[in-house]
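Chain by chain, the residues run as shown.
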Amino acid sequence: MLRRAALLTVAVCVPVLLQAQRVRFGLAAGTSLVGGGDSRALVDAGGFNVTGADQAGFHVRGMAEVPLGSAAFAFRAELFYNSLHSRPNSVAIVGSGSGAAALSDRTLGLTGNFVASLIPQAGVSPYFLLGAGVFGSLLGTNPDQQSSEVVVTRGGMGLGLQTGVGLRIRMGQHSLLLEWRYGQALNNTRGIAFMPLTAGIVF
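Residues numbered from 1 in each chain as written. Predicted model: local features only at pLDDT ≥ 70, side-chain atom pairs only at ≥ 80, totals over all residues. Heavy atoms only, no water.

## Some details on the overall build of the protein chain
- Check the secondary structure of the protein chain and you find one helix and twelve strands.
- Taken from N to C terminus, the helices and strands of the protein chain fall in the order α-β-β-β-β-β-β-β-β-β-β-β-β.
- A burial count over the protein chain gives 45% of its 203 residues as buried.
- Contacts spanning at least 24 positions in sequence make up 68% of the contacts within the protein chain whose residues lie at least 6 apart. (Helix = DSSP H or I, 4+ residues; strand = E, 2+ residues; numbered from the N terminus. Buried < 20%, exposed > 50% of the residue type's maximum accessible area, 1.4 Å probe, protein only. Contact = heavy atoms within 4.5 Å.)

See the structure below:
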C-alpha cells in the first residue's frame, strides 16, 4: 500500500513536468511551528506511549514549478524535510490518554501541489496552495523521561496533506516566495501537524 502511494505521487508529478514548456526550480527554508493538538496520535514505543513533539524546529524543501496554461495557475512538485523537537520529561494529553512528547519528530515528504495566484501579473501577488503526497514520519524518544538522548524510534509512511498561503515577489527572472503552510501526515504512526514559515526563491 505504501509503495502504491509513492507510485501514485510520482505518476501525478512526472507527466505534468514533462509536458511543461518551462520548468522553474526553487529552494525554501525557515522555521516550523507545532500544529494543533487535535492532530496528535498515540504511538506504542514499547511499554509506553509517545506522541508528536511540542517545540518548534526547522523546514527545508526543494521544488519544481510549471505553469498550467494560465499565469494564474501552476503545478509544483516538492521534496521537503521537517523537524520538530521536545525537551525531556514533556508529556502531551491525547484524547483520554497521554504520551511522552517525542524528543525528535521528523517528516520527509514528496508532494504534488496546485498553486493559484490572485494577481498573477503583479510585482507582488498573493497565492494559495493545496497539495498531497507521501509523508514518512519518524518519532524518537527515550523510556527515561529525564534523558534527551533518542534510543527508541517509531516510523510510518502514508498519505499526507498540506495547504498554505504566500506572497510571490518578482525580481526580474527570479521570484521571492514568503509562505505559511499547514501540513499533516495521515498514517497511524505519525508526528504532530506542522506549520512552516519559510522564505524561498524560484529561478
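## Remarks on the environment of alanine 56
- As for its placement among the helices and strands, alanine 56 is situated in strand β4 (residues 55–67).
- Considering only alpha carbons, one finds alanine 56 and leucine 84, 28 residues apart in sequence, at a separation of 5.4 Å.
- Alanine 56 has contacts with Thr31, Ser32, Leu33, Val34, Leu84 and His85, leaving out every residue within four places of it along the chain.

## Quick look at the nonpolar core
- Of all hydrophobic cores here, the largest spans eight residues; its members are Ala28, Met63, Ala74, Val115, Tyr127, Leu129, Leu177 and Val202.
- Not counting chain neighbours up to four residues away, the residues in contact with leucine 177 comprise Met63, Arg76, Tyr127, Leu167, Arg168, Thr198, Ala199, Gly200 and Val202.
- By size, the runner-up hydrophobic cluster in this structure holds seven residues, among which are Phe80, Leu84, Phe135 and Ala185. (Core = buried A, V, L, I, M, F, W, Y, C linked by side-chain atoms within 4.5 Å.)

## As for the confidence of the model for the protein chain
- Considering every residue of the protein chain, the mean pLDDT works out to 92; 90% of them sit at 70 or more.
- With pLDDT under 50 throughout, residues 16–20 is counted as low confidence; its partners more than four residues away or in other chains account for eight contacts. (pLDDT = per-residue confidence, 0-100.)

## Things to note about a nonpolar patch on the surface
- On the surface, Leu33, Leu118, Ile119, Phe128, Val165, Trp180 and Leu197 cluster together to form a nonpolar patch covering roughly 620 Å² of accessible area.
- Inspection of the secondary structure assignment puts tryptophan 180 in strand β11 (residues 174–185).
- Exposure remark for tryptophan 180: the relative accessible area of 33% places this residue in the partly exposed category. (Patch = residues over 30% accessible without salt bridge, like charges linked within 9 Å, V, L, I, M, F, W, Y side chains within 5 Å. Areas by Shrake-Rupley, 256 points an atom, 1.4 Å probe, with all protein chains shown as cover. Salt bridge = Lys/Arg side-chain N within 4 Å of Asp/Glu carboxyl O.)

## What about the pattern of salt bridges?
- Tallied over the full model, the rule gives eight salt bridges.
- Residue glutamate 78 is joined to arginine 181 by a salt bridge in which the shortest nitrogen-to-oxygen separation is 2.6 Å. On the criterion of sequence distance, the pair formed by glutamate 78 in strand β5 (residues 73–85) and arginine 181 in strand β11 is long-range, its members being 103 residues apart. Summarising the burial analysis for this pair, glutamate 78 and arginine 181 share the class buried.
- Note that glutamate 179 and arginine 181 form a salt bridge whose closest N and O atoms lie 2.7 Å from each other.
- A network of salt bridges, in which partner residues are shared, links Arg61, Glu65, Arg76, Glu78, Arg168, Glu179 and Arg181.

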